[in-house]
Amino acid sequence: MSGTLYVVATPIGNLEDVTARALRVLREVDVVACEDTRRTRALLTHFDIHTPTVSYYEHNKLTRGPQLLRQLADGKAIALVSDAGTPGISDPGILLVREARAAGVRVVPVPGPSAVAAALSAAGVPADRFVFDGFLPVKPGRRVNRLKALRELDTTIVVYESPHRVVASMAAIAEVFGEAPVVVARELTKQFEEIVTATAAEHLARLKAGEPRGEFTIVIGPGVYFSGL
Ligand code: SAM
């Protein structure tokens, strides 16, 4: 009998955002496979959950994946979580999910928080269609080229950014998108949550004025939005 792989979304900051179903699944499975066992252990402890954890992250996925697949083949139930948000969305997990599905294991999504959806829901830009492009390339030339390609799509664009690179990325966005309004959603669901609409140049000035802190999701509206429709 093969087991079940549950792909469980966890909070992106505010622990109240965990779903009742996520808590039940995390409590009932045989093991929780997580990016960082210490972070997930803190979440589990907060909710008085004592399920064993194992690490499954970018650098051990090739060795740990087959072990987890064997456990699934033995009929075990495994929950896959990432540090925050939905596994697989700019996070590890896809390989295990793909291989589990290929092996005939039942894969069950347990949906919940994700920064891309949270940012879009509060940005006030059209989101009936959008492109989520994960993290922009690190190399300056590639970053600008990627942004130019995205601009051609003329749709809402969402990217993730770290505090270390947000200034460089905002400078590139200003270069490519000019005066277009950009929404910066920082520290969503956390104490210092901030959602600001401004031009990329204005964001750049603000970001440069202090040391950028926290987690950033950047939303760039489409042309139709810029023209006020
Ligand atoms: N899997 C996660 C999800 O579903 O949102 C994303 C993981 S990705 C490694 C981490 C990035 O997501 C951060 O660098 C940031 O760009 C974005 N992010 C995560 N939490 C956030 C938050 N509370 N506020 C704004 N952006 C956030």
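Placed above this text is the structure.
The residue numbering used here restarts from 1 in each chain and proceeds along that chain's sequence as written. It should be noted that, the model being predicted, local features are given only for residues of pLDDT at least 70 and side-chain atom pairs only at 80 or more, the latter also being counted only at that level, while totals for whole chains, interfaces and linings use all residues. Values reported for side chains reflect all heavy atoms of the structure, with hydrogen atoms and water molecules removed beforehand.

Asks: Explain the environment of Ala185 to me, please; I cannot follow it from the model alone.
Replies: The topology assignment puts Ala185 in strand β8 (residues 181-186). Sequence spacing of Ala185 and Ile218 is 33 residues, and the spatial spacing of their C-alpha atoms is 6.2 Å. The criterion used for residue contact is that any of the two residues' heavy atoms lie within 4.5 Å. Once residues lying within four places of it in the same chain are set aside, the contact partners of Ala185 are Ala119, Glu194, Ile195, Glu215, Phe216 and Thr217. Secondary structure elements follow DSSP: runs of H or I no shorter than four residues count as helices, runs of E no shorter than two count as strands, and numbering proceeds from the N terminus.

Asks: Would you mind showing me how to read the site of the ligand here?
Replies: Nearness of a residue to a molecule or strand requires only that one of the residue's heavy atoms be within 4 Å of it. Neighbouring the ligand are 19 residues; Asp91, Ser114, Ala115, Tyr160 and Phe216 lie closest to it. As used in this structure description, the phrase polar contact means that two N or O atoms lie within 3.5 Å; if the pair is within protein, one of them must be able to donate a hydrogen and the other to accept it, and residues adjacent in sequence are counted only when both atoms belong to side chains. Leu188 has a polar backbone atom sitting 2.9 Å from a nitrogen atom of the ligand. Contact between the ligand and Thr217: a nitrogen atom at 2.8 Å from a side-chain N or O atom of the residue. Each accessible area is a Shrake-Rupley estimate made with a 1.4 Å probe; only the visible protein chains count as cover when residues are assessed. Compared with its free state, where it exposes 580 Å², the ligand has 91% of that area covered by protein. Elements with a contribution of two residues or more to the shell around the ligand: β7 (156-161) and β10 (216-220). A per-class count over the shell around the ligand returns nine nonpolar, five polar and five charged. Residues from two domains meet in the shell around the ligand; each of domain 1 (4-110) and domain 2 (115-227) gives at least three. Under this grouping Gly is polar, as are all residues other than the nonpolar Ala, Val, Leu, Ile, Met, Phe, Trp, Tyr, Cys and Pro and the charged Asp, Glu, Lys and Arg. Reported domain spans reflect what an automatic or database domain assignment gives.

Asks: Would you mind showing me how to read the side chain of Ser169 here?
Replies: You can see Ser169 is positioned in helix α7 (residues 166-177). For Ser169, a relative accessible area of 0% translates into the label buried. Polar side-chain contacts of Ser169 include one of 2.6 Å to the side chain of Glu161. In this view, Ser169 contacts Leu136, Arg143 and Glu161; residues no more than four positions away in its chain are not counted. A 1.4 Å probe rolled over the protein chains alone gives each residue an accessible area, and that area as a share of the maximum for its type sets the label: buried under 20%, exposed over 50%, partly exposed in between.

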